[in-house]
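# Coordinate inspection notes
The residues making up each chain are set out below.
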Amino acid sequence: MNQFMLTLPLDFLLLLIVISVLSVLARGLSPRGASSNGKGEPYACGQNVSTGRIQPSYSDFFPFAFFFTIMHVATLVLCTIPSGALWMSVPFLAIAGLSIIILFRKD
């Protein structure tokens, strides 16, 4: 058993070395200095794109992500509570409900 556990890291290192060598060899096959013909440009349906970048705000996304996380965890926990211990669901539901209220409160 100890020999088997030792071969896994050695196999990983062997594959890492083989892949690194193949990567270096394949790098020589790539064309150098060829014109890009706009391959690095963003695709915009044939229109010229300004160079400015849009900085999206995820402030509206995170409350919904946390909402779905809380609801999925609450559902998982409630579905796995044994039928003899249903009293455990009451405080858990209260805490989940309180966290949803705190999550969507208006400041």
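The coordinates are above.
Summary of the structure given here. Since we're looking at a predicted model, the values are computed, not measured.

So, on to the overall build of the protein chain. Scanning the protein chain from N- to C-terminus turns up three helices and zero strands. When the elements of the protein chain are put in sequence order from the N terminus, they spell out α-α-α. Counting across all 107 residues of the protein chain, residues that qualify as buried make up 6%. When the accessible surface of the protein chain is summed, it comes to about 10100 Å², and 69% of that surface belongs to carbon and sulfur atoms.

Its place among the elements puts Ser-89 in helix α3 (residues 89-103). Residues within four places of Ser-89 in sequence aside, it is in contact with Leu-78 and Ile-81.

What follows concerns α3. Taking 1.5 Å per residue as the helical rise, α3 with its 15 residues ought to reach 21 Å, and the 21 Å between its terminal C-alpha atoms agrees with that figure. Ser-89, Ala-96 and Ile-100 are the residues of α3 that are buried. Looking straight down α3, one finds its buried side chains confined to an arc of 40°; they lie on one side. Facing away from the buried side of α3 by over 90 degrees, the exposed positions are Val-90, Ile-95 and Ile-101. Those residues of α3 hidden inside the fold are in contact with α2 (61-80).

Moving on, we come to the packing of aromatic side chains. Using the criterion set out here, one finds five aromatic pairs in the structure. On the numbers, 5.3 Å between centres and 70° between planes, the contact of Phe-67 with Phe-68 is edge-to-face. In this structure Phe-67 comes out as partly exposed when scored by relative accessible area, which is 25%. Take Phe-68: its relative accessible area is 47%, and that puts it in the partly exposed class. Each ring, one from Phe-67 and one from Phe-104, has its centre 5.9 Å from the other, and the planes form 65°; the classification is edge-to-face. In this pair, Phe-67 sits in helix α2 while Phe-104 sits in the segment after α3, placing the two residues 37 residues apart along the sequence.

Once that is clear, we can look at the packing of α2 against α3. Contact geometry for α2 and α3: axes closest at 10 Å, N-to-C directions at 175°. In this view, α2 runs roughly antiparallel relative to α3, as classed from their interaxial angle. In this structure, α2 uses Pro-63, Phe-66, Phe-67, Ile-70, Met-71, Val-73, Ala-74, Val-77 and Leu-78 to contact α3, whose residues at the interface are Ser-89, Phe-92, Leu-93, Ala-96, Ser-99, Ile-100 and Leu-103.

Taken together, the side chains of Leu-14, Ile-17, Val-18, Val-21, Leu-22 and Leu-25 make up a nonpolar region of the molecular surface, amounting to roughly 580 Å² of accessible area. Residue classification places Leu-14 among the exposed positions, given a relative accessible area of 53%.

Position of Ile-95 relative to the elements: it lies in helix α3. For the pair Ile-95 and Ala-74, spaced 21 residues apart in sequence, the C-alpha separation works out to 9.7 Å.

So, how was this worked out
- Residues numbered from 1 in each chain as written.
- Predicted model: local features only at pLDDT ≥ 70, side-chain atom pairs only at ≥ 80, totals over all residues.
- Heavy atoms only, no water.
- Helix = DSSP H or I, 4+ residues; strand = E, 2+ residues; numbered from the N terminus.
- Buried < 20%, exposed > 50% of the residue type's maximum accessible area, 1.4 Å probe, protein only.
- Areas by Shrake-Rupley, 256 points an atom, 1.4 Å probe, with all protein chains shown as cover.
- Contact = heavy atoms within 4.5 Å.
- Expected span 1.5 Å × (residues − 1).
- Arc of directions from axis to C-beta.
- Phe/Tyr/Trp six-rings, centres within 6.5 Å; stacked < 30°, edge-to-face > 60°.
- Axes fitted to C-alpha atoms, helices over the stretch in contact; angles between N-to-C directions.
- Parallel < 35°, antiparallel > 145°, perpendicular 65-115°, else oblique.
- Patch = residues over 30% accessible without salt bridge, like charges linked within 9 Å, V, L, I, M, F, W, Y side chains within 5 Å.
- Salt bridge = Lys/Arg side-chain N within 4 Å of Asp/Glu carboxyl O.

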